[in-house]
Amino acid sequence: MVKHKVIQVFLILAIILATMFVILPVQGAVPVPNGCMIGAFTFDGGAMFPQNGLYGIQQYQNLIGRKAAQVLTFITWDDSFPTNDCNIVKNYGAVPQVTWELYRPSINPNNTAASATYMNDVLAGKYDSYITTFATAAKNYGGMVLIRFLHEMNGNWYVWGGPKNGGQNGGPAKVVSVWRYVVDKFRAVGADNVKWVWCPHGPTGDVPTAPWNDITNYYPGDNYVDWLGFDQYNWYPNDPWGGTRPYFDWNNSYKPIYDKLVAINPNKPISISEMACGEFTYNGTGKDTWIYNIFAAIKNAPNVKLYSWFNINKEKDWRVNSNPAALAAFRTAMSDPYFLSDFIDPLGDSNPTPTSTVSVTPTPTAAPTPTPTPVPTPVSKFIPGKIEAESYNAMSGIQTEVCSEGTLNVGWIDAGDWLDYNVNVQTGGSYRVDYRVASTSDTGRFDLRKGSTVLASTTVPNTGGWQVWTTVSAYVNLNAGSQTLRIYATGSLWNINWFSFTSGNPTPTPTPTRTATATPTRVATATPTPARVATATPTPTRAVTATPTPTTGPTPTSVPGSVTLPARIEAENYNAMSGIQTQSCSEGGLNVTAIDTGDWLEYQVYVPETATYYVEFRVASPNSNAQIQLKEGSTVLGSRTQTVNNTGGWQNWACTGKYSFTLTAGYHTLRVYAATGGFNLNWFELTK
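Fair warning: this is a prediction, and the values are worked out from it, not measured in the lab.

1. A closer look at the overall build of the protein chain
The secondary structure content of the protein chain amounts to nine helices and 37 strands. Looking at the 688 residues of the protein chain, the share that counts as buried comes to 54%. Of the contacts formed within the protein chain by residues at least 6 apart in sequence, a portion of 79% connects residues at least 24 apart. For the protein chain, the computed accessible surface area is about 27500 Å², with 53% contributed by carbon and sulfur atoms.

2. Section: the packing of aromatic side chains
Summed over all chains, the structure comprises 53 aromatic pairs. Between F499 and F501, the ring centres sit 5.9 Å apart and the planes meet at 70 degrees, which makes this aromatic pair edge-to-face. Here F499 falls in the buried class, since its relative accessible area comes to 2%. Aromatic rings pair up to connect W77, F81, W100, Y127, Y130, F134, Y141, F149, W179, F186 and W196 into one cluster. One residue, R449, lies across the ring of Y488, its end atom 3.9 Å from the ring centre. Over the aromatic face of W600 sits the side chain of R671, whose NZ or CZ is 3.9 Å from the ring centroid.

3. Some details on the packing of helix 8 (residues 287-299) against helix 9 (residues 324-334)
Here helix 8 crosses helix 9 at 15 degrees, and the two axes come no closer than 7 Å. It follows that helix 8 is roughly parallel to helix 9 by the angle criterion. As for how helix 8 packs across helix 9, the hand of that crossing is right-handed. Judged by residue contacts, K287, D288, I291, Y292 and F295 of helix 8 engage A325, A326, A328, A329, F330, T332, A333 and M334 from helix 9. Split by residue class, the contact of helix 8 with helix 9 holds 10 nonpolar, one polar and two charged.

4. Examining the pairing of strand 37 (residues 679-687)
For strand 37, a buried count of eight out of nine residues is recorded, marking the element as mostly surrounded by other parts of the structure. One ladder, built from four bridges, connects strand 25 (residues 567-570) with strand 37; its direction is antiparallel. Its bridge partner being in strand 37, I569 is matched across the sheet by F684. Summarising the sheet, strand 28 (residues 590-595) and strand 37 pair through two bridges and their orientation is antiparallel.

5. Some words on helix 8
With 13 residues, helix 8 extends 19 Å from end C-alpha to end C-alpha; this agrees with the ideal 18 Å at 1.5 Å per step. Of all the positions in helix 8, only K287, W290, I291, I294, F295, A297 and I298 are classed as buried. All buried residues of helix 8 lie within an arc of 155 degrees about the axis, which places them on one face of the element.

6. Re the pattern of salt bridges
Evaluated as defined, the whole model comprises 21 salt bridges. Salt-bridge contacts for K67 lead to D342; the nearest nitrogen and oxygen are separated by 3.8 Å. Remark: D342 occurs in the loop between strand 11 (339-340) and strand 12 (381-383) and K67 occurs in the loop between helix 2 (53-64) and strand 4 (70-76); sequence separation between them is 275 residues. In this structure, the salt-bridge partner of D317 is R319, at a minimum N-O distance of 2.8 Å. Overall, the relative accessible area of 12% leaves R319 in the buried class. When salt bridges that share partners are traced, they join R148, D231 and E274 into one network.

7. A few points about helix 5 (residues 128-141)
With 14 residues, helix 5 should cover 20 Å at 1.5 Å per step; its first-to-last C-alpha distance of 20 Å lies within 8% of that length. Note on helix 5: the residue one or two positions beyond its end, G142, has a positive phi of about 90 degrees.

8. Some remarks on the side chain of T458
Its location among the elements puts T458 in strand 20 (residues 453-460). T458 sits in the buried class, given a relative accessible area of 6%.

9. What to know about unusual backbone geometry
In this structure, P237 follows Y236 across a cis peptide bond, with omega equal to 5 degrees. Secondary-structure assignment places P237 in the loop between strand 8 (227-234) and helix 7 (250-264). In the segment running from L565 into P566, the intervening peptide bond is cis, with an omega of 0 degrees. Position of P566 among the secondary structure elements: in the loop between strand 24 (563-564) and strand 25. Even without glycine at this site, L493 takes up a positive phi of about 65 degrees. Its location among the elements puts L493 in the loop between strand 22 (481-489) and strand 23 (495-503).

Basis of the calculations
- Residues numbered from 1 in each chain as written.
- Predicted model: local features only at pLDDT ≥ 70, side-chain atom pairs only at ≥ 80, totals over all residues.
- Heavy atoms only, no water.
- Helix = DSSP H or I, 4+ residues; strand = E, 2+ residues; numbered from the N terminus.
- Buried < 20%, exposed > 50% of the residue type's maximum accessible area, 1.4 Å probe, protein only.
- Contact = heavy atoms within 4.5 Å.
- Areas by Shrake-Rupley, 256 points an atom, 1.4 Å probe, with all protein chains shown as cover.
- Phe/Tyr/Trp six-rings, centres within 6.5 Å; stacked < 30°, edge-to-face > 60°.
- Lys NZ or Arg CZ within 6 Å of the ring centre and 35° of its normal.
- Axes fitted to C-alpha atoms, helices over the stretch in contact; angles between N-to-C directions.
- Parallel < 35°, antiparallel > 145°, perpendicular 65-115°, else oblique.
- Left-handed = near helix turned anticlockwise from the far one by under 90°.
- Nonpolar A, V, L, I, M, F, W, Y, C, P; charged D, E, K, R; others polar.
- Pairing = 2+ DSSP bridges.
- Expected span 1.5 Å × (residues − 1).
- Arc of directions from axis to C-beta.
- Salt bridge = Lys/Arg side-chain N within 4 Å of Asp/Glu carboxyl O.

Shown next, in the form of structure tokens:
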């Protein structure tokens, strides 16, 4: 009898232990997805998302060779819920992570401690109407959105941080109270599609190390947090404010906060919401080695389900393409299938990510910094017909650039690179295919392939320059119907502008005689110039890009690269231009220069509602007679020609002053036109 009781006791204990193991998963056991999702804060052409819209996101995808699963953006408490921006991200096939910063630039532009009453004002109910309206708009958006609220709250730099709201005398507790207060407001309106990202900062010299500032004191509780997160950078060896910084890698800075987060709750996913590394040399290594190591470490940190690279040249050059070796390392890391391009919710909620509109195949090859150029929407092309090279559906290893014959061409082609095109052959049979190519060498060769079948092989002659174009031909047999054709590079150092298919076997078009055409200079940027065979560069001929048809009202679909007004628009973030160049700016980033009479730049903008807008230009000039206009089509907006005064130098910047005009709701193409040249332009701003 006693023996039977002992057996029963052991059985009961076994059941209890088994139940405990079911209820309490092993540390680091967040179930799905098996991998880490790719995310980024994108910056391209002088504008951050959302100012550069879909264009900037697609450019980043081209840069790293992988689609992003999540896109990071920043707003303040002067802003409404960013429905339009979230839709851009959702339609691209990703999930937005909105950093919602508790300060108001309209009250305190510098985000200083002078406005630190925000926290008390929230708890006093002064922002209840704003919070409820914001939460309702988030609910009505419908798609999943990650909201990163009160981020880096353990640091001493933000007005919502614990150190600025009482410090050891209740600072963390106030942060917790505000967090819960706001989350409860969202729950009251049923905004269940919002997932909350709690994101302290990792170890750094600006984070107080006293026990009261430990991140556990800021945690609002499992019921108020969906994602754990943290931000961390490698600032080594210094910061732009004159301080020195230690070398930070995974083991001495990322892992300590990762371990703390796992200890807080091992079943919640972790987002590294901001991460990056500047340029450095440390024990014979540099940024490329750091990148290899950090992503290898992330693969061994199973609770990290998402990261966002802070891809901007800001305090330091954080960009993945700050040098070619760094970009090669990043592309190699991202080619690992552990890193995911589709958002798979580790919380198990049913909120699928839309299918991506762009498909690319990752490749570990190094690539130079791309010139900002639009990425085409992948659609089927018809044969017979002409296909622009840049309208590929997938690619590996190439870049696009402004073409001397108009629009864009594909360049930086090395052996093994390829471009895929989805085509629809109207009638099966024999076709002549003409390719428009350019090269400075005799090494260019490529195949036209369908699957593993080589349809034709073609040699690219030395045309005498990267923008000196000629046509070469081949003959292929194609079956009718939809199919994918691949241009596969078997040799290096050539460009392609377009290719076209003609039915039958007509006499091939003779190769035109080479002419001494000046090669246009590639758009100047502050990033490394891609390696090319050394050749003498003729005087650049300015290239005129294709001018989009001006839009005067709403269009059925959004315009890639459009900027939602009101906004400040960086001059170099144009959609089309004639005659200008860019250069490094004394105020940071780039500015537009070499502006002569008749030169212009065009920008796609979206106007949410018909309203009166004011425009102001940031200019520099040593001249006194320059004039600038803002036009739509042939109309000079506001019937105003703005004089650019002598500012005392090409990098001595001043604002022109404002004037007004009316814009109707919808998409517009605005043209900045040099009525009289002789000035530089940094940015212009459109406000109500």
